[in-house]
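The residues making up each chain are set out below.
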Amino acid sequence: MKNHPVHYRNIKLNDLNLFYREAGPANAPTILLLHGYPTSSHMFRNLIPILSKKYHVIAPDLPGFGYSDAPDHKEFSYTFDNLAATVQAFVEKLDMKRFAIYIFDYGAPVGLRLAMNNPEKITGIISQNGNAYEEGLSSEWNPIQKYWHDTTEANRLALKGFVSKEVTLFQYQHGVSDPSLIAPEAYTLDQKFLDRPGNIEIQLDLVKDYRTNVALYPKFHEYFRKHQPKLLLVWGNKDPYFLPAGAEAYKKDLPEAKLKFYDTGHFALETNTEEIGAEIFEFMGTLPR
């Protein structure tokens, strides 16, 4: 199969610039890759060349992340509803009619909103540590849930360490048996963007709004039961934030889902790209066009 170059593009959505990566034949089945916190489409840098040999791959940076615009939090509403609305506008601007979605971390509630609102567009879902069940939330969420239940300035300030380099490194290394597999440019780039002036307020707004995702879980489950989208779960089983039970819970509503655990942490693509890429190749071959 032919290797395809990766194109680095920008698109204007009203006054917002959105950066995205694109590769693969334009007439091939499309996969929309949605990144999580604290990263960007850079997390897919090793996966895109694998998938683009046969598929059309598109990976945007969400507002506030990577090379997309990060307007001040007083000028742009950093909620998951608004992130999903931005991705919806992106999909419409690119005239994407049918595609599979790869959802990870923050990309899960964004992508599942997109799927609920456009069930006719979704050919399948690949969830890599993309949680949609309360069973998946670990105790690492306890300080954040405290802020959800009591949105005082003191509780907000207590979470400022969430964007520190120590926490970023923890997310990359926890549960990884061989940390030498983690490319240092991955967490270094993430931290560079996290350290931008004003970014801490953006991230704390999103941390606060994450509670709306948990509130939407029953709606996501209703979508699963009604539309029965084909689902592949590829999950790092030592993720400190999203437990294996969250992956297994999907089968309550989508019993035909394929589940594959990997002996790694949150950023499974850093250690298991080839294996995950092979699973996606096999899965994509089962989907309608």
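Residues numbered from 1 in each chain as written. Predicted model: local features only at pLDDT ≥ 70, side-chain atom pairs only at ≥ 80, totals over all residues. Heavy atoms only, no water.

Of all hydrophobic cores here, the largest spans 62 residues; its most connected members are L32, Y106, I125, Y210, F224 and Y250. Considering every element that reaches this core, the biggest residue donor is helix 8 (residues 199-227), with ten residues. With residues near it in sequence (within four places) discarded, I125 still touches I101, I103, L112, Y223, F224, P229, K230, L231, L232 and F283. The next biggest cluster of nonpolar side chains, apart from the first, holds 32 residues, and it includes Y102, I126, L232 and A268. (Core = buried A, V, L, I, M, F, W, Y, C linked by side-chain atoms within 4.5 Å. Buried < 20%, exposed > 50% of the residue type's maximum accessible area, 1.4 Å probe, protein only. Helix = DSSP H or I, 4+ residues; strand = E, 2+ residues; numbered from the N terminus. Contact = heavy atoms within 4.5 Å.)

When two helices pack together, their arrangement is given by the angle between the helix axes and the distance between those axes. Two numbers describe how helix 4 (residues 142-149) lies on helix 8: the axes approach to 9 Å, and their chain directions differ by 85 degrees. When the axes of helix 4 and helix 8 are compared, the pair comes out roughly perpendicular. Here I144, Y147 and W148 of helix 4 lie close against helix 8, whose contacting residues are L204, V207, K208, Y210, R211 and V214. Of the residues belonging to the contact of helix 4 with helix 8, the class tally is seven nonpolar, no polar and two charged. (Axes fitted to C-alpha atoms, helices over the stretch in contact; angles between N-to-C directions. Parallel < 35°, antiparallel > 145°, perpendicular 65-115°, else oblique. Nonpolar A, V, L, I, M, F, W, Y, C, P; charged D, E, K, R; others polar.)

If you check UniProt for "domain: AB hydrolase-1" (unreviewed entry), the listed places come out as residues 29-272 in our numbering. Between the first and last C-alpha atoms of residues 29-272 the distance is 23 Å; the span itself is 43% helix and 13% strand. (UniProt positions renumbered as here; feature names shortened; annotations may be inferred.)

Attention shifts here to the pairing of strand 1 (residues 7-13). Pairing between strand 1 and strand 2 (residues 16-23): seven bridges, direction antiparallel. The residue of strand 2 that forms the bridge with N10 is F19. Between the antiparallel neighbours strand 1 and strand 2 lie two residues, among them N14 with a positive phi of about 60 degrees. (Pairing = 2+ DSSP bridges.)

A word on the packing of helix 2 (residues 80-93) against helix 3 (residues 107-117). Two elements in contact, helix 2 and helix 3, have axes whose closest approach is 9 Å; the angle formed by their N-to-C orientations is 60 degrees. Put simply, helix 2 runs oblique to helix 3. Relative to helix 3, the crossing made by helix 2 is right-handed. The segment helix 2 lies against helix 3, with F80, D81, L83, A84, V87, Q88 and V91 engaging P109, V110, R113, L114 and N117. Along the lines of polarity and charge, the residues of the contact of helix 2 with helix 3 split into eight nonpolar, two polar and two charged. (Left-handed = near helix turned anticlockwise from the far one by under 90°.)

This paragraph deals with the environment of N129. Looking at the element boundaries, N129 is found in the loop between strand 6 (122-127) and helix 4. Looking at N129, the relative accessible area reads 0%, which means it is buried. Remark: the alpha-carbon pair of N129 and A247, spanning 118 residues in sequence, is separated by 7.4 Å. Those residues in contact with N129, other than ones at most four positions away along the chain, are F104, D105, V234, W235, G236, D239, F242, G265 and H266.

Scanning all chains against the criterion turns up 27 aromatic pairs. Relative to F220, the ring of Y217 has its centre 6.3 Å away and its plane inclined at 45 degrees; by these criteria the two rings are tilted. In this pair, Y217 and F220 are both assigned in helix 8, three residues apart and thus about one turn of the helix distant. Both residues of the pair, Y217 and F220, count as buried. Three or more aromatic residues joined by ring pairs make a cluster, and in this case those are Y37, F65, F80, Y106, W141, W148, F162, Y210 and F242. (Phe/Tyr/Trp six-rings, centres within 6.5 Å; stacked < 30°, edge-to-face > 60°.)

Either a parallel or an antiparallel arrangement is found when strands of a sheet pair, and the pairing is made through backbone hydrogen bonds. Within the open sheet, the eight strands sit side by side as 1-2-4-3-5-6-7-8. Their pairing is mixed. Two strands bound the open sheet, and with one partner strand each, they are strand 1 and strand 8 (258-262). When the angles between neighbouring strand axes are averaged without regard to direction, this sheet yields 20 degrees. Relative to strand 5 (residues 99-103), strand 3 (residues 30-34) is paired through five bridges, and the arrangement is parallel. Across the sheet, the residue bridging to L32 is I101, located in strand 5. The sheet contacts of helix 2 involve strand 1, strand 2, strand 3, strand 4 (56-60) and strand 5, and relative to strand 1 the element is tilted by about 110 degrees. Across the face of the sheet, helix 9 (residues 244-253) comes into contact with strand 5, strand 6, strand 7 (231-236) and strand 8 while running at roughly 165 degrees to strand 7.

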